[in-house]
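# Secondary and tertiary structure notes
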Amino acid sequence: MKKSAYDVIKKPLLTEKTEIAKQKLVYSFMVDDSANKDLIKHSIENLFPVKVDSVRTINVKGKVKKYKFVAGQRKNWKKAMVTLKEGYRIEI
């Protein structure tokens, strides 16, 4: 089954660290766990009018949290850091 660009790119990550990285044309997104770098690159270029230079992916492990006497774990997720070519920007 072919995934659409909206299925691959779940949401942008908006933190203080990603705001600083935007000055270097690096944007961070939460992506589908099964997405590879080529699929992420094509999805970004389809969603936004930009050209992607490189994509780096990170598998983020969910934190272990305790509530009273029960221990649980948050979901694992995948993060993509996308570097754009010179002259392109994404307005989020």
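Just so it is clear, the model here is predicted, and its values are computed rather than measured.

## A short note on the overall build of the chain
When helices and strands are tallied, the chain shows 3 helices and 6 strands. Its helices and strands taken in sequence order, the chain reads α-β-α-β-α-β-β-β-β from the N to the C terminus. Expressed as lengths along the three principal axes of its C-alpha atoms, the size of the chain is roughly 55 × 35 × 20 Å. Looking at the chain as a whole, 33% of its 92 residues are labelled buried. Counting contacts in the chain only where the partners sit at least 6 residues apart, residues at least 24 apart contribute 59% of the total. Charge-centre separation for the chain: the mean point of 22 positive side chains lies 9 Å from the mean point of 10 negative side chains.

## Points about the nonpolar core
Counting residues in hydrophobic clusters, the biggest one holds 16 residues, and the most contacted among them are Ile9, Phe29, Ile40, Ile44, Val82, Leu84 and Ile90. Of all elements in the fold, only β2 (26-31), α3 (37-47), β3 (52-60) and β6 (77-84) reach the threshold of two or more residues within this core. Those residues in contact with leucine 84 that sit more than four places away from it in its chain are Leu25, Tyr27, Val50, Lys51, Val52, Asp53, Arg89 and Ile90.

## As for the pattern of salt bridges
With the rule as written, the count across this model stands at 3 salt bridges. Between glutamate 19 and lysine 22 there is a salt bridge; the shortest N-O distance is 3.2 Å. For glutamate 19, a relative accessible area of 40% gives the class partly exposed. One salt bridge in this structure joins glutamate 91 and arginine 89, with 3.9 Å as the shortest N-O distance. As far as the burial class goes, glutamate 91 and arginine 89 line up, both exposed.

## Comments concerning the sheet that holds β3
Strand order across the open sheet formed by 4 strands is β1-β2-β6-β3, with antiparallel pairing between neighbours. Since the sheet does not close on itself, it has two edges, and those belong to β1 (9-12) and β3, each with one partner. If you compare each strand with its neighbour and ignore which way they point, the axes differ by 30° on average. Lying over the sheet, α3 contacts β1, β2, β3 and β6, oriented at roughly 120° with respect to β3.

## Focus: the environment of lysine 68
Among the structural elements, lysine 68 can be located in the loop between β4 (64-67) and β5 (70-73). Taking the C-alpha atoms as reference points, lysine 68 and isoleucine 9, 59 residues apart in sequence, are found 35 Å from one another.

## A word on the side chain of serine 43
Among the secondary structure elements, serine 43 is positioned in helix α3. Separated by 2.8 Å, the side chain of serine 43 and the backbone oxygen of leucine 39 make a polar contact. Apart from residues no more than four positions distant in its own chain, serine 43 is found in contact with Ala5, Val8 and Ile9.

So, how was this worked out
Residue indices follow the written sequence of each chain, beginning from 1 at its first position. Whole-chain, interface and lining totals are the exception, using all residues; otherwise, since this is a predicted model, local features are given only for residues with pLDDT of at least 70 and side-chain atom pairs are given and counted only at 80 or more. Hydrogens and water molecules were not included; the side-chain quantities draw on all heavy atoms of the structure. Numbered from the N terminus, helices here are DSSP runs of H or I no shorter than four residues, and strands are runs of E no shorter than two. Using a 1.4 Å probe on the protein chains alone, a residue whose accessible area is under 20% of its type maximum counts as buried, one over 50% counts as exposed, and one in between counts as partly exposed. What makes two residues a contact is simply this: any of their non-hydrogen atoms within 4.5 Å. Charged residues are defined here as Lys and Arg on the positive side and Asp and Glu on the negative side; His and the ends of the chain fall outside this count. Where a charge lies is defined by one atom per residue type, namely NZ (Lys), CZ (Arg), CG (Asp) and CD (Glu). As used here, the term nonpolar core means buried Ala, Val, Leu, Ile, Met, Phe, Trp, Tyr and Cys residues forming a set that is joined through side-chain atoms within 4.5 Å. When a carboxyl oxygen of Asp or Glu lies within 4 Å of a side-chain nitrogen of Lys or Arg, that pair is called a salt bridge. Strands were regarded as paired on the criterion that DSSP finds at least two bridges between them. Axis geometry follows a simple rule: fit a line to the C-alpha atoms, using only the stretch in contact for helices, then measure angles between N-to-C directions, giving values from 0 to 180 degrees. Nitrogen and oxygen atoms within 3.5 Å of one another constitute a polar contact, given that in protein one can donate a hydrogen and the other can accept it, and given that sequence-neighbouring residues count only through two side-chain atoms.

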